[in-house]
Amino acid sequence: MIKIDLSSRAALVTGGTSGIGLATAERLLDAGAAVAICGRDTDRLTQAETHLRERHPEARLIAAQCNVLDESDVAALTERIRREFGRLDMLVNNAGQGRVSTFADTTDDAWREELELKYFSVIRTTRACLPMLRDAARETGDAAIVCVNSLLALQPEPHMVATSSARAGVQNLVRSMASEFAPHGVRVNSILIGLVESGQWRRRFAAAQAAGERTTWQEWTGELARKKQIQLQRLGRPEEAAAAIFFLASPQSSYTTGSHIDVSGGLARHV
């Protein structure tokens, strides 16, 4: 594997305390980048920071509590990045989770909450970080935004109607931002994930075990993958999604914008 040196660059990963976000932060630190992660849960943030500093004791690392839907929180975080790193070259918009609901049982408040989370977790961080990203692009010729989106954007599920709709809108937003920011040297891309191992799936597995189901994690997730018709017959791993994010965030993809990488193990049915 070709070693990419990002020691002169800095990144922000939202939702960076676990799963895909944490794996992405690790990948960026491995390449020498200065990395800021943020999250709302202080305990998870502390655990993530401890984990990253154990692996990278000399790392330039910021771990900040931040609600990406709170404009003042985001402003404070970007100012800290400017003060401590002096720059920002890569933004990974990774905050957000899915809502299980059908059209019939999704209330107006639930629609508003889901749309605000999916849109403004991208909008507020991008708006706050864009000046530094433009500055970085003027200096090096390349800066990047990567949005972690879901395959639901192109392949909606009826039991996740609000999330599917919001994800589709975010994918359109990615394309719009890519067009607008391209003249400034800031690229915008996304990954579309299918089913990836996470705390949510671990909790469901634990509930199945508590209900008397006797199976291993590999057997349980393998059966889930078969039911979902995932061609690779397993769930994705956070580090596999992180590898795609790393490619899109780094100069490896310097001629790619307004695009996406499918990370769904063959679950996608679109062309």
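Conventions and cut-offs
Residues numbered from 1 in each chain as written. Predicted model: local features only at pLDDT ≥ 70, side-chain atom pairs only at ≥ 80, totals over all residues. Heavy atoms only, no water. UniProt positions renumbered as here; feature names shortened; annotations may be inferred. Axes fitted to C-alpha atoms, helices over the stretch in contact; angles between N-to-C directions. Helix = DSSP H or I, 4+ residues; strand = E, 2+ residues; numbered from the N terminus. Parallel < 35°, antiparallel > 145°, perpendicular 65-115°, else oblique. Contact = heavy atoms within 4.5 Å. Nonpolar A, V, L, I, M, F, W, Y, C, P; charged D, E, K, R; others polar. Core = buried A, V, L, I, M, F, W, Y, C linked by side-chain atoms within 4.5 Å. Buried < 20%, exposed > 50% of the residue type's maximum accessible area, 1.4 Å probe, protein only.

An unreviewed UniProt entry lists the protein under the name Short-chain dehydrogenase, with Pandoraea faecigallinarum as the source organism. Its UniProt record, at the heading Sequence similarities (unreviewed entry), says of the protein: "Belongs to the short-chain dehydrogenases/reductases (SDR) family."

Asker: Let's hear about the packing of helix H6 (residues 199-210) against helix H7 (residues 217-227): which residues, and what values?
Answerer: The N-to-C vectors of H6 and H7 enclose an angle of 110°; their axes lie 11 Å apart at closest approach. Of the possible angle classes, the one that applies to H6 and H7 is roughly perpendicular. Residues Trp201, Arg202, Arg204, Phe205 and Ala208 of H6 form the contact with H7, whose own contacting residues are Trp217, Trp220 and Leu224. Residues that form the contact of H6 with H7 fall into these classes: six nonpolar, no polar and two charged.

Asker: Give a detailed account of the nonpolar core, specifying residues and quantitative values.
Answerer: Counting 34 residues, the largest nonpolar core has Leu12, Leu77, Ile81, Leu133, Ile145 and Val186 as the members making the most contacts within it. Taken together, the elements giving at least two residues each to this core come down to strand S1 (10-14), strand S2 (34-39), strand S3 (61-65), helix H3 (71-84), helix H4 (108-140), strand S5 (143-150), helix H5 (161-181) and strand S6 (186-193). If one sorts the elements of this core by residue count, H4 sits on top with seven residues. If near-sequence neighbours (up to four positions away) are discounted, leucine 133 is found in contact with Leu88, Asp89, Met90, Leu91, Ala143, Ala144, Ile145 and Val186. Ile4, Ala25, Ala33 and Phe246 belong to the second largest nonpolar core, which has 32 residues in total.

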